[in-house]
Amino acid sequence: MRIILLGPPGAGKGTQAKKIEEEFGIPQLATGDIIRLAIKEGTEWGKRAEPFVREGQLVPDEVVIGIVKERLSRDDVRNGFILDGFPRTLKQAEALEAMLQDLGIAIDVVLYFDIPAEELVRRLSARRVCESCQTPYNLISSPPKNDEICDRCGGKLVQRPDDTPEVIRKRLAVYEEQTKPLVEFYSRKSLLHVVPSSGTIEEIYAQVKAILGKK
Ligand code: AMP
């Protein structure tokens, strides 16, 4: 199955992606994680991306499209994948269509995580992420068993530098302007399924599973 997860920052895309990955055995392809790793490792394009991420802006389309193209050429995505955080602009969505066409494959479903903006700010401020394996936590709704330590791998939990109130506001504005039009784009292609996302992780996952079960 080939899935796109669409929705604002903080809607729970990463958390749901990890659950789908575990249950359905298809890999999560999170452009945000790939970009953060490149920044941490100080690669050439990591250095190019860093100021955009720090400011809550989108990394230029050609950089992200290049990352996804390379990732989709690997063997482990042959039986499916979960795109988490990509596409985020119409240009990226169109580039993705061209890539998939070249590969002779198509997206099966787009899950749109729909949630009010007030809740996003609250969630993002309480978000922590494992420095090593990128597992997301929330200090209020899904806290780790031990403070600041990842349940999965024992890595250190940190707050993302772009999860500060000022950058969160910018990211939400960028989402509204550049990414939200994709809801309409995929709706017109009859691929969009809305997942109301104010509930608990398990409540949201139950809806996701019901949709994927029909595919
Ligand atoms: P995320 O972890 O998905 O919230 O992404 C963190 C940051 O990485 C974003 O605020 C952007 O700066 C950058 N980023 C991730 N995915 C994309 C994308 N598809 N297009 C442009 N920038 C991206």
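What comes next is a walk through the structure. (Residues numbered from 1 in each chain as written. Predicted model: local features only at pLDDT ≥ 70, side-chain atom pairs only at ≥ 80, totals over all residues. Heavy atoms only, no water.)

**Quick notes on the site of the ligand**
Okay, so step 1: Around the ligand, a shell composed of 16 residues is seen, among which Thr31, Gln57, Gly85, Arg88 and Gln92 lie nearest.
Okay, so step 2: Interatomic distance of 2.9 Å between a side-chain N/O atom of glutamine 92 and a nitrogen atom of the ligand.
Okay, so step 3: Surface burial for the ligand is 95%, taken as the share of its 480 Å² of free accessible area covered by protein chains.
Okay, so step 4: Among the elements that take part in the shell around the ligand, helix α2 (residues 31–41) stands out by supplying four residues, more than any other. (Near = heavy atom within 4 Å. Polar contact = N/O pair within 3.5 Å; in protein donor to acceptor, adjacent residues only side chain to side chain. Areas by Shrake-Rupley, 256 points an atom, 1.4 Å probe, with all protein chains shown as cover. Helix = DSSP H or I, 4+ residues; strand = E, 2+ residues; numbered from the N terminus.)

**Section: helix α8 (residues 181–188)**
Okay, so step 1: Along α8, the residues classified as buried are Leu182, Val183, Phe185 and Tyr186. All buried residues of α8 fall inside an arc of 165° around its axis, so they share one side.
Okay, so step 2: Looking at the buried positions of α8, the neighbouring elements they touch are β1 (2–6), α5 (90–103), β4 (109–114), α7 (165–179) and β8 (192–196).
Okay, so step 3: Looking at the residues trailing α8, positive phi occurs at serine 190, about 55°. (Buried < 20%, exposed > 50% of the residue type's maximum accessible area, 1.4 Å probe, protein only. Arc of directions from axis to C-beta. Contact = heavy atoms within 4.5 Å.)

**Looking at the side chain of threonine 89**
Okay, so step 1: Here threonine 89 lies in the loop between β3 (81–84) and α5.
Okay, so step 2: By relative accessible area, which is 7% here, threonine 89 ends up buried.
Okay, so step 3: Polar side-chain contacts of threonine 89 include one of 3.0 Å to the backbone nitrogen of glutamine 92.
Okay, so step 4: Excluding residues that lie within four positions of it along the chain, threonine 89 makes contacts with Leu58, Asp61, Gln178 and Leu182.

**Some remarks on the sheet that holds strand β6 (residues 136–138)**
Okay, so step 1: Spatially, the three strands line up as an open sheet ordered β6-β5-β7, and their pairing is antiparallel. Each edge of the open sheet is held by one strand with a lone partner, namely β6 and β7 (157–158).
Okay, so step 2: In this structure, strand β5 (residues 127–130) lies alongside β7, joined through two bridges in antiparallel fashion. Within β7, the position partnered with valine 129 by the bridge is valine 158. (Pairing = 2+ DSSP bridges.)

**Regarding the sheet that holds β3**
Okay, so step 1: Taken in spatial order, the five strands make up an open sheet running β2-β3-β1-β4-β8, and their pairing is parallel. Either end of the sheet is taken by a strand with one partner, and the two such strands are β2 (28–30) and β8. On average, each strand axis in the sheet is inclined to that of its neighbour by 25°, with strand direction left out of account.
Okay, so step 2: Both β2 and β3 contribute to a ladder of three bridges, which runs parallel. The residue of β3 that forms the bridge with alanine 30 is aspartate 84. (Axes fitted to C-alpha atoms, helices over the stretch in contact; angles between N-to-C directions.)

Everything listed is a geometric property; what it means functionally is a separate question.
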